[in-house]
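Spelled out from the first residue to the last, the chains are:
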Amino acid sequence: MVRAAPIPPPSPAPAAACNVLAAAASGVIGFIERQGGNAETVLNRAAIDISWLTDPTLPLDLAAYVQMMEEAATQTGNGNFGLWFGQQFQPQDLGLIGGVTLAAPTLVSALEALADLFPYHQQVTHTACRHAGGMVALEYRILDGAILARRQDAELTMGMFVNVLRYVFGPAWAPEEVHFEHPQPEQAQEHERAFRAPIHWGQRTNALIFKRP
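None of the values given here were measured: they were computed from a predicted structure.

> How should I be thinking about the overall build of the protein in this particular structure?
Tallying secondary structure elements over the protein gives eight helices and seven strands in all. Here the C-alpha atoms of the protein give a radius of gyration of 16 Å, agreeing with the 17 Å that 2.2 N^0.38 yields for 213 residues. With respect to the principal axes defined by its C-alpha atoms, the protein has extents near 50 × 35 × 35 Å. Within the protein, the fraction of its 213 residues that count as buried is 53%. Taking the intrachain contacts of the protein between residues at least 6 apart in sequence as the baseline, contacts between residues at least 24 apart amount to 69%. Per element, the accessible surface of the protein, about 9400 Å² overall, is 54% carbon and sulfur. Between the averaged position of the 13 positive side-chain charges in the protein and that of its 20 negative side-chain charges there is a distance of 9 Å.

Pasting the structure below:
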């Protein structure tokens, strides 16, 4: 098992800019509509202008982005909205991060590139690639303590990570385990089906765990 490593504690409020690139929301309007929701209502409740989503290089307020995903889950009636949005997300839509990861020659180098570059994509966030023995963990956690409801973001981000790796290493690739920091939700059987791996809830961080090649 990968040895637990210290994670910076969450700050009560961001000390500086706390943004995520609009690339992380690529396709979200259409996905909301396909789930039977009203995208305009979701964006209004999250205080996001639709024009901000037209350029993937524009910064979005991270708290507003996370709220948008929570509102989408509520508005569509699909509690697993983030889970399935992340699973269908195209790696090319991550811009620089997606391009570098897709070009990586090995699984470990792909993960290290993803972790190292992620701060350029999303701020006030912990990402790391941990090694221990024959196991590797790709960790992800928002550090802004003011963002409390963030289940949808965690599930979509883990899904995005898996989708990138499946694009590189084939659709059959799957982690050994998936960890989430939030408690087990209803319809949790969908998570094992999506990730094709055991899911562990209430963990110290969100993470993909797998054997080192």
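Here the narrative resumes.
> Help me understand the environment of Pro 185, please; the structure alone is not making it clear to me.
Structurally, the position occupied by Pro 185 is in the loop between strand S5 (177-179) and helix H8 (189-195). By relative accessible area, Pro 185 is classed as buried at 13%. For Pro 185 and Trp 201, which are 16 residues apart along the polypeptide, the C-alpha to C-alpha distance reads 9.0 Å. Ignoring anything within four residues of it in the chain, the contact list for Pro 185 reads Arg 151, Glu 155, His 191 and Trp 201.

> Any chance you could explain the sheet that holds strand S4 (residues 135-142) here in plain terms?
Backbone-to-backbone hydrogen bonds join strands into a sheet, with any given pair of strands oriented parallel or antiparallel. In space, the five strands of this open sheet follow the order S3-S4-S7-S5-S6, with mixed pairing throughout. Lying at the two open borders of the sheet, with one neighbouring strand each, are strand S3 (125-132) and strand S6 (199-200). Note that S3 and S4 share eight bridges and pair antiparallel. Bridging from a neighbouring strand, Cys 129 pairs with Leu 138 of S4.

> Can you walk me through unusual backbone geometry in this structure?
Glycine aside, negative phi is the norm for most residues, and most peptide bonds take the trans geometry. The phi dihedral of Gln 187 is positive, around 55°, even though this residue is not glycine. Considering the arrangement of structural elements, one finds Gln 187 in the loop between S5 and H8. Phi at Arg 196 is positive, roughly 55°, even though this residue is not glycine. Relative to the elements of secondary structure, Arg 196 occurs in the loop between H8 and S6. Note on Arg 196: relative accessible area 45%, which makes it partly exposed.

Basis of the calculations
Residues numbered from 1 in each chain as written. Predicted model: local features only at pLDDT ≥ 70, side-chain atom pairs only at ≥ 80, totals over all residues. Heavy atoms only, no water. Helix = DSSP H or I, 4+ residues; strand = E, 2+ residues; numbered from the N terminus. Rg over C-alpha atoms; globule rule 2.2 N^0.38 Å. Buried < 20%, exposed > 50% of the residue type's maximum accessible area, 1.4 Å probe, protein only. Contact = heavy atoms within 4.5 Å. Areas by Shrake-Rupley, 256 points an atom, 1.4 Å probe, with all protein chains shown as cover. Lys, Arg positive; Asp, Glu negative; His and termini not counted. Charge placed at Lys NZ, Arg CZ, Asp CG, Glu CD. Pairing = 2+ DSSP bridges.

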